[in-house]
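Fold and geometry: a report
Listed below are the residues making up each chain.
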Amino acid sequence: MAGLPYDVAHLLAGGLVLLSLMLLYQDRMYALLSVFAAHAVILSLAVAWQAYVQSAPHLYITALIALLFKGMIIPVALHRIVQQLGVGRTIEAVVGVGPTILLGIALIALSIMVMRPVTEQADVLTREDLAFALSVVLLGLLMMVTRRNAVSQVVGFMSLENGLIFAATGAKGMPLVVEISVAFSVLIAFIVIGIFLFRIRERFDTVELVALDQSRGEQP
Amino acid sequence: MAMIAALAIQLAQMTLVVAIAPLLLGWVRTIKARVLRRRGPSPLQPYRDLLRLIRKEAVLAENASWLFRVVPYVTFAAIWVAAALVPTFASGLLFSWSADMIVIAALLGTGRFFLALAGMDIGTSFGGLGSSREMMIASVAEPAMIMVVFTVSLLAQTTQLSSIAAFMAGANVGVRVSLALVLVALLVVALAENARIPVDNPATHLELTMVHEAMVLEYSARHLAMIELAAALKLVLYLSLIACVFVPWGMAAAGDGIVAYLGGLVAYAIKLAVGGVLLALFETSIAKMRVFRVPEFLGVALMLSLLAVLLLFVSRSP
């Protein structure tokens with residue numbers, strides 16, 4: 001059976017899921033950004049390992065893009081944004097940390113339960129990668145749902161996208177054009193979100209999304 | 001003849017864990033003092049403390065029930081049996097068929113249950129406070145411990161510690177995320193269970209922080225000696241458990257010669273010494289947590305061990 005290639009892939013994928021949980025667990029803004037950067041670095045390592053295992057050199061480019069944009073540029077830019085916005089250092093969560101983590105664990109279990117029967121005839125590496133990628137996506141969604149602060153929702157969105165890239169590289173034969181276009185669309189989305197953050201702050205003096213509800217008259 | 005030898009080795013193991021428990025405690029204290037650039041007492045000081053306590057007259061509160069007098073012995077016995085079951089220098093001992101990880105968790109739970117009862121028996125406020133805090137910690141630490149047990153036994157296909165050690169020393173373990181997660185979870189649980197620094201400080205008597213000390217505040221003399229010895233034994237137990245599951249090398253197997261057993265003893269001594277140094281370094285480099293942050297800290301252990309169990313299902317089947 002698959003020996004070391006599988007073990008290392010398993011280690012990196014498991015590390016990615018663990019870092020996703022750590023993103024959920026963090027309650028400080030700057031630590032959150034550091035964990036997000038680590039998330040992207042692990043993602044690029046996992047993609048590079050996939051490139052090596054599948055002997056698909058174009059995946060190295062994907063890994064490089066992930067490392068440069070998501071591991072360095074976006075965290076640094078977010079860091080700057082947080083500094084300029086002057087938002088609070090601690091993050092307000094809608095639900096407490098404990099229930100959120102339990103929910104996250106349940107989501108991981110769900111994605112494993114869903115993915116295992118569906119990918120019955122795929123090989124063992126792809127099966128595991130898809131299960132982990134789905135759980136990273138679900139954890140990113142959970143993070144977007146449970147956080148009030150817009151910046152941490154952006155981080156949730158970005159980590160969700162990390163999961164998508166991970167799934168794409170796990171599936172064999174994904175053309176490079178698709179991956180590059182996905183990466184750039186995320187970059188554009190990031191720029192748009194950054195502008196929106198400043199607009200929200202200008203308007204409401206906060207980036208807590210509760211303020212938006214109030215302006216629509218949904219909450220007193 | 002083989003039976004007698006096996007029995008002798010099992011007895012040696014039982015006495016060894018009790019004999020070295022205070023030494024390990026003293027060793028950790030010495031290293032901690034050295035790291036803080038103090039001289040510190042001799043590593044043998046815990047033995048002197050125990051002797052002094054045993055010589056003193058026991059003072060009981062007026063409203064102490066029989067439970068209060070029995071609990072030190074019950075707790076000590078439960079923890080001693082658990083510690084004697086963990087393979088230390090040799091695996092495949094006479095009683096290793098009963099050295100089940102679930103049994104060990106249950107024995108530790110029994111010891112804790114009786115200690116918490118005794119804390120409330122006298123009816124002082126401190127005892128109740130300590131007991132309730134201990135239970136708060138236990139309610140998260142025990143599920144985490146059980147999950148650790150499940151992960152390791154799912155991997156090794158057995159709950160017997162000797163077989164687990166043999167499996168871990170074997171070649172077909174591979175690189176597992178689950179094992180790394182479980183190791184961290186077990187370390188966190190061990191810190192909490194032994195009342196070490198991020199959770200509880202065994203050296204203070206400050207009422208805001210103490211957990212274990214508050215529970216046993218009313219004890220004196222030989223009762224206190226039993227409880228202190230049991231606490232020291234627990235530390236030995238957790239270090240042996242971690243050593244047995246994660247670094248099982250150098251352990252003598254059943255039916256080995258005397259050289260293998262001596263080698264096992266040396267390896268075990270080295271493992272304990274290294275574990276003590278690491279514990280002391282960790283304790284001096286970190287600050288005590290607020291009591292209400294402890295469930296969060298232990299929640300990390302629970303989360304890691306749950307995740308480890310989950311990840312086992314997608315990993316390569318052994």
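Within each chain, residue numbers correspond to sequence positions counted from 1 in written order. Working convention: letters from A go to chains and numbers from 1 go to ligands, in the order in which they are written. With the structure being a predicted model, the display of local features is reserved for residues of pLDDT at least 70 and the display and counting of side-chain atom pairs for 80 or more, all residues being used for whole-chain, interface and lining totals. Excluded from the side-chain calculation are hydrogens and water; included are all heavy atoms of the structure.

What follows is about the overall build of chain A. Each helix is a run of H or I in the DSSP string that is no shorter than four residues. Each strand is a run of E no shorter than two, and both are numbered from the N terminus. For chain A, the count of helices and strands is 8 helices and 0 strands. For 220 residues, the compact-globule estimate of 2.2 N^0.38 gives 17 Å, and the C-alpha radius of gyration of chain A, at 18 Å, lies within 12% of that figure. Its C-alpha atoms put chain A at 60 × 35 × 25 Å along the principal axes. When accessible area is computed with a 1.4 Å probe and restricted to protein chains, residues below 20% of their type maximum are described as buried, those above 50% as exposed, and intermediate ones as partly exposed. By the burial criterion, 47% of the 220 residues in chain A qualify as buried. Counted over contacts in chain A with a minimum sequence separation of 6, partners at least 24 positions apart contribute 76%. When the accessible surface of chain A is summed, it comes to about 10200 Å², and 69% of that surface belongs to carbon and sulfur atoms. The reference for a compact globule is 2.2 Å times residues^0.38; the radius of gyration itself is calculated from the C-alpha atoms. Contacts are assigned to residue pairs that have any heavy atoms within 4.5 Å of one another. We get accessible surface area from the Shrake-Rupley algorithm with a probe of 1.4 Å; when it comes to residues, only the shown protein chains can shield them.

Right, let's get into the environment of F190(A). All names here are of chain A. Among the structural elements, F190 can be located in helix α7 (residues 176–204). Separated by 36 residues in the primary sequence, F190 and V154 place their C-alpha atoms 7.9 Å from one another. Ignoring any residue separated from it by four or fewer positions in sequence, one finds F190 in contact with I74, A77, L78, V154 and M158.

Close inspection of predicted coordinates is inappropriate in any region flagged by low pLDDT. Predicted confidence across chain B gives a mean pLDDT of 84, with 94% of residues reaching 70 or more. Here the complex is predicted with pTM 0.84, and the ipTM for its interfaces comes to 0.73. Think of pLDDT as the predictor's per-residue confidence, scored from 0 to 100.

So, on to the interface of chain A and chain B. Often, the extent of an interface is quoted as the loss of accessible area on bringing the components together. Contacts between the two partners involve 21 residues from chain A and, on the opposite side, 17 residues from chain B. Note: buried area is the sum, over both parts, of the accessible area (probe 1.4 Å) each one loses when the two are combined. Carbon and sulfur atoms make up 78% of the area that chain A and chain B hide from each other, which totals about 1900 Å². In protein, a polar contact requires one atom able to donate a hydrogen and another able to accept it; more generally it is a pair of N or O atoms within 3.5 Å, and residues adjacent in sequence count only if both atoms are side-chain atoms. Where chain A packs against chain B, one counts 0 residue pairs in polar contact (both at pLDDT 80 or more). Put simply, the parts of the chain that give the side of chain A that touches chain B at least two residues each are α1 (4–25), α4 (97–118) and α5 (124–146) of chain A. Here the side of chain A that touches chain B takes 9 residues from α1(A), the largest share from any one element. When residues are sorted by character, Ala, Val, Leu, Ile, Met, Phe, Trp, Tyr, Cys and Pro go into the nonpolar class, Asp, Glu, Lys and Arg into the charged class, and all the rest, Gly among them, into the polar class. Here the residues of the side of chain A that touches chain B are counted per class, giving 16 nonpolar, 2 polar and 3 charged.

Residues and elements named next belong to chain B. By convention, a stacked pair of Phe, Tyr or Trp rings (six-membered ring in the case of Trp) has centres within 6.5 Å and planes under 30 degrees apart, an edge-to-face pair has planes over 60 apart, and any other such pair is tilted. Under the counting rule described, the total for this entry stands at 4 aromatic pairs over all chains. Between F68 and Y219 the ring centres are 4.1 Å apart and the planes differ by 0 degrees, which places this aromatic pair in the stacked class. Within this pair, whereas F68 is found in helix α3 (residues 66–85), its partner Y219 is found in the loop between α8 (212–215) and α9 (221–246), the two being separated by 151 residues in sequence. Each member of the pair, F68 together with Y219, is buried.

Residues and elements named next belong to chain A. Cavities and pockets are found on a 1 Å grid laid over the protein atoms alone: a cavity is a set of points where a 1.4 Å probe fits but cannot escape, a pocket is an open set with protein on both sides within 12 Å along at least five of seven lines, and a lining residue has an atom within 4 Å of such a point. Grid points are joined across faces, edges and corners, and a volume is the space filled by probe spheres set on the points. Taken as a whole and assessed by the stated rule, the structure comprises 3 cavities of 30 Å³ or more. Estimates place the volume of the largest cavity at around 60 Å³. Contributing to the lining of the largest cavity are I65, A66, F69, K70, I74, E161, I165, A183, V186 and L187. Where the lining of the largest cavity is concerned, the elements lending two or more residues are α3 (58–85), α6 (150–170) and α7. Ranked by residues supplied to the lining of the largest cavity, first place goes to α3 with 5 residues. Looking at the lining of the largest cavity residue by residue, the class counts come to 8 nonpolar, no polar and 2 charged.

What follows is about the pattern of salt bridges. All names here are of chain B. Here a salt bridge means any side-chain nitrogen of Lys or Arg lying within 4 Å of a carboxyl oxygen belonging to Asp or Glu. With the rule as written, the count across this model stands at 7 salt bridges over all chains. Among the ionic pairs, K32 bridges to E283, the shortest N-O distance being 3.3 Å. Pair noted here: K32 is in helix α1 (residues 2–35) and E283 is in helix α10 (residues 258–284), with a separation of 251 residues, a long-range link. There is no split in this pair, since K32 and E283 are both buried.

Further remarks concern the packing of helix α2 (residues 29–54) of chain A against α3(A). All names here are of chain A. The interhelical angle for the contact between α2 and α3, taken along N-to-C directions, is 175 degrees, at an axis separation of 8 Å. In terms of their interaxial angle, α2 and α3 are classed as roughly antiparallel. Looking at side-chain class alone, the contact of α2 with α3 contains 21 nonpolar, 7 polar and 1 charged residues. A fitted line through C-alpha atoms serves as each axis, taken over the contacting stretch for helices, and the angle formed by two N-to-C directions is quoted from 0 to 180°. Note on terminology: angles under 35 degrees are roughly parallel, angles over 145 are roughly antiparallel, angles of 65 to 115 are roughly perpendicular, and the others are oblique.

With that out of the way, let us pick up the nonpolar core. By convention a nonpolar core is built from buried Ala, Val, Leu, Ile, Met, Phe, Trp, Tyr and Cys residues, the set being connected through side-chain atoms within 4.5 Å. In this structure, L21(A) and L307(B) are the most contacted members of the largest nonpolar core, which totals 158 residues. Sorting elements by how many residues they give to this core places α9(B) first, with 17 residues. Not counting the four nearest positions on each side in its chain, L307(B) is found in contact with V17(A), L18(A), L21(A), I105(A), I108(A) and L181(B).

Residues and elements named next belong to chain B. By volume, the second largest pocket is sized at about 530 Å³. If you trace the second largest pocket, you find 22 residues lining it, with L187, L239, I242, G275 and L278 closest to the centre. Listed by contribution, the elements that provide at least two residues to the lining of the second largest pocket are α7 (177–193), α9 and α10. With 7 residues, α10 is the single largest residue contributor to the lining of the second largest pocket. Of the residues contributing to the lining of the second largest pocket, the split by class is 18 nonpolar, 2 polar and 2 charged.

This paragraph deals with the environment of L212(A). Residue and element names in this part refer to chain A. With respect to the element layout, L212 can be found in helix α8 (residues 210–216). Judged by its relative accessible area of 28%, L212 is partly exposed. Along the chain, L212 and I200 lie 12 residues apart, while their C-alpha atoms are 8.5 Å from each other.

Moving on: α7(A). Residues and elements named next belong to chain A. Taking 1.5 Å per residue as the helical rise, α7 with its 29 residues ought to reach 42 Å, and the 42 Å between its terminal C-alpha atoms agrees with that figure. Among the residues making up α7, those that are buried are E179, A183, V186, L187, F190, G194, L197 and I200. Of the surrounding secondary structure, the elements contacted by the buried residues of α7 are α3 and α6. Phi turns positive one or two residues past the end of α7, at D205, with a value near 60 degrees. A helix is expected to span 1.5 Å multiplied by its residue count minus one.

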